[in-house]
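Examination of the molecular architecture
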Amino acid sequence: MIATPDRTPLPREFFDRPVLDVAPDLLGRILVRTTPDGPIALRLTEVEAYDGADDPGSHAYRGRTDRNEVMFGPPGHVYVYFTYGMWFCMNLVCGPEGRASAVLLRAGEIIEGAELARTRRLSARNDKELAKGPARLATALDVDRSLNGTDACTSGATPLKVLAGTPVRRDQVRNGPRTGVAGAGGNGDIHPWRFWIANDPTVSPYRAHVPRRRRS
């Protein structure tokens, strides 16, 4: 018998912990995106941890900027960034305020509102691909920089909220090197900080960092 997912919102205390505790504990949780067209709910299946000043792969490694300001704010807020001049990616801030750390939401299974997600992910060959990868996840949920700084733990109305869902058993959690991260930050022996649910079809394939060629 499959247990009904817990729809209780996660409290701020859940996110006010070290990033390496929060990241694997997010697997199986439910992210709800409320849009003018209706809600979309996603079960998280893959995430990556980024640990600020102690992590060369983090946007906050070299300190606070206008871009990463939200990472230094209260836990439970949403950090959205723009990458490669075309894609948005979504993170959940964790740890104590003033110490930048966040979890990148890499992939998930759309469990409600798939019809809305399909209208934004026309290239997806099936529903398993709707949110298979961080840019695809943000696109499917209609997430952009206008949601940067959103409080996902507020008791009031919010466009993004994280529910308790059904936490994944630890023996079903896998970890390894982060995808597409250069240098020491991409070394899986030092930072095996990508976490995913074993054998889940919505998890994105691992890809090592490939330097971008400059146009001549």
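Residues numbered from 1 in each chain as written. Predicted model: local features only at pLDDT ≥ 70, side-chain atom pairs only at ≥ 80, totals over all residues. Heavy atoms only, no water.

Remarks on the packing of aromatic side chains
Counted according to the given criterion, the structure contains 3 aromatic pairs. Each ring, one from Tyr79 and one from Tyr81, has its centre 5.7 Å from the other, and the planes form 40°; the classification is tilted. Here Tyr79 matches Tyr81 in class, with each residue buried. Relative to Phe88, the ring of Phe82 lies with its centre 4.8 Å away and its plane at 40°, an arrangement referred to as tilted. Exposure remark for Phe88: the relative accessible area of 25% places this residue in the partly exposed category. The cationic tip of Arg17 hangs over the ring face of Phe14; the distance from NZ or CZ to the ring centre is 4.6 Å. (Phe/Tyr/Trp six-rings, centres within 6.5 Å; stacked < 30°, edge-to-face > 60°. Buried < 20%, exposed > 50% of the residue type's maximum accessible area, 1.4 Å probe, protein only. Lys NZ or Arg CZ within 6 Å of the ring centre and 35° of its normal.)

Observations concerning the nonpolar core
Core analysis: the biggest nonpolar cluster contains 44 residues, and Phe15, Leu26, Val103, Leu105 and Ile110 have the highest contact counts within it. Element by element, the count of residues in this core is highest for strand β3 (residues 38–50), at 5 residues. Filtering out sequence-adjacent residues up to four positions away, Leu26 remains in contact with Phe14, Phe15, Leu44, Val47, Leu92, Val103, Leu105 and Val162. One finds Tyr81, Cys89, Val93 and Ala102 within the second-largest nonpolar core, a separate group that totals 13 residues. (Core = buried A, V, L, I, M, F, W, Y, C linked by side-chain atoms within 4.5 Å. Helix = DSSP H or I, 4+ residues; strand = E, 2+ residues; numbered from the N terminus. Contact = heavy atoms within 4.5 Å.)

Quick look at unusual backbone geometry
With phi around 60°, Asp142 is a residue other than glycine that occupies positive phi space. Inspection of the secondary structure puts Asp142 in the loop between α4 (134–140) and β7 (160–165). Positive phi values are uncommon outside glycine, yet Asn199 reaches one of about 65°. Relative to the assigned elements, Asn199 resides in the segment after β9 (194–197).

Focus: the pattern of salt bridges
Under the definition given, this model contains 19 salt bridges. Between Arg99 and Asp54 there is a salt bridge; the shortest N-O distance is 2.5 Å. Here Arg99 is found in the loop between β5 (87–93) and β6 (102–112), whereas its partner Asp54 is found in the loop between β3 and β4 (78–83), with 45 residues between them in sequence. Judged by its relative accessible area of 51%, Asp54 is exposed. Of the charged contacts, one joins Glu129 and Arg125 as a salt bridge, the two residues approaching to 2.5 Å between their closest N and O atoms. Taken together, the shared-partner salt bridges in this structure form one network comprising Arg33, Asp37, Arg120 and Asp142. (Salt bridge = Lys/Arg side-chain N within 4 Å of Asp/Glu carboxyl O.)

Quick notes on the layout of surface pockets
The computed volume of the largest pocket comes to approximately 1,100 Å³. For the largest pocket, the lining is made up of 33 residues, of which Thr83, Tyr84, Arg106, Thr179 and Gly180 are closest to its centre. Every element with two or more residues in the lining of the largest pocket is listed here: β3, β4, β5, β6 and α4. (1 Å grid on protein atoms, 1.4 Å probe; cavity = no way out; pocket = protein on both sides within 12 Å on 5 of 7 lines; lining within 4 Å. Points joined across faces, edges and corners; volume = space filled by probe spheres on them.)

Observations regarding a nonpolar patch on the surface
A contiguous nonpolar surface patch, about 360 Å² in accessible area, is contributed by Tyr84, Met86 and Trp87. Summarising the element assignment, Tyr84 is placed in the loop between β4 and β5. (Patch = residues over 30% accessible without salt bridge, like charges linked within 9 Å, V, L, I, M, F, W, Y side chains within 5 Å. Areas by Shrake-Rupley, 256 points an atom, 1.4 Å probe, with all protein chains shown as cover.)

Focus: the side chain of Arg178
Mapped onto the elements, Arg178 comes out in the loop between β8 (173–176) and β9. Exposure remark for Arg178: the relative accessible area of 1% places this residue in the buried category. A distance of 2.8 Å separates the side chain of Arg178 from the backbone oxygen of Gly185, its partner in a polar contact. Ignoring any residue separated from it by four or fewer positions in sequence, one finds Arg178 in contact with Glu48, Ala49, Tyr50, Asp55, Gly57, Gly185, His191, Trp193, Arg194 and Tyr206. (Polar contact = N/O pair within 3.5 Å; in protein donor to acceptor, adjacent residues only side chain to side chain.)

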